[in-house]
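A structural walkthrough
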Amino acid sequence: SQTIHQWPATLVQPVGSPLSLECTVEGTSNPNLYWYRQAAGRGLQLLFYSVGIGQISSEVPQNLSASRPQDRQFILSSKKLLLSDSGFYLCARESSVGYTFGSGTRLTVV
Amino acid sequence: TQLLEQSPQFLSIQEGENLTVYCNSSSVFSSLQWYRQEPGEGPVLLVTVVTGGEVKKLKRLTFQFGDARKDSSLHITAAQPGDTGLYLCAGFYSTLTFGKGTMLLVSP
């Protein structure tokens, strides 16, 4: 199984509040993991990826950070949310044939 | 930055019609993937094409990878309402880069 668990499904947070989104994956060990953000039901923007524990690569400078404390756990965080952080956040793992995505978290910053 | 342009952005058709969605780039990719996404869900992989000129068929869906591995197309025959969704192409080099998608609406 290559199942990906993401929670929560929806989140409404005030501007300036912290954020922590968690993604856990099942299946083979040491997967490459990714965080994407999708705005307005359109294309996906790569935010961070990780090839192993403690290894994080950032694709775009922004108000977010990521961590990988365990092999199958990938966390997206922010210390102070901005209105522009609103969007649909998707976690994904890479396999030999393509990416498997979680069901996503809809974040609304108010 | 590797950009993928998808066209059309939106397509509304009647059940039974045929359609083609295009994905174009100026960059060469090692592979190209097509995903379908429903509202509130993550994208689901439909197919991966690797070889230039490759054609893959998945029931009523036909995917083609351009000879130069810069472009791809998705053709749907006799569209059904269940085909409704956002179709995303994504090119893989070191990471996966997505186009903005084509929103397909098939009406009964």
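Worth saying up front: this structure is predicted, and the values here are computed from it rather than measured.

**Considering the pairing of strand E4 (residues 31–37) of chain B**
Residue and element names in this part refer to chain B. With respect to burial, E4 is a largely interior element, seven of its seven residues being buried. Residues Ser31, Gln33, Tyr35 and Gln37 of E4 are buried on one face, and the alternating residues Leu32, Trp34 and Arg36, pointing to the opposite face, are buried as well. Inspection of the sheet shows E4 paired to strand E9 (residues 85–92) by seven bridges, in the antiparallel sense. Looking at E9, one finds that Gln37 is bridged to Leu86. Sheet analysis places E4 next to strand E5 (residues 44–49), joined by five bridges and oriented antiparallel. Bridging across to E5, Arg36 finds its partner in Val44. Hairpin connection of E4 to E5: six residues between the antiparallel strands, including Gly40 at a positive phi of 75°.

**Concerning the interface of chain A and chain B**
Counting residues at the interface gives 18 residues for chain A, matched by 20 residues for chain B. Taken over both partners, the interface formed by chain A and chain B buries close to 1,400 Å², and the fraction arising from carbon and sulfur atoms is 55%. Of all elements in the fold, only strand E4 (33–38), strand E5 (44–52), strand E9 (87–94) and strand E10 (99–101) of chain A reach the threshold of two or more residues within the side of chain A that touches chain B. Here the side of chain A that touches chain B is composed, by residue class, of ten nonpolar, six polar and two charged.

So, how was this worked out
Residues numbered from 1 in each chain as written. Chains lettered and ligands numbered in written order. Predicted model: local features only at pLDDT ≥ 70, side-chain atom pairs only at ≥ 80, totals over all residues. Heavy atoms only, no water. Buried < 20%, exposed > 50% of the residue type's maximum accessible area, 1.4 Å probe, protein only. Helix = DSSP H or I, 4+ residues; strand = E, 2+ residues; numbered from the N terminus. Pairing = 2+ DSSP bridges. Contact = heavy atoms within 4.5 Å. Buried area = accessible area lost by both parts, 1.4 Å probe. Nonpolar A, V, L, I, M, F, W, Y, C, P; charged D, E, K, R; others polar.

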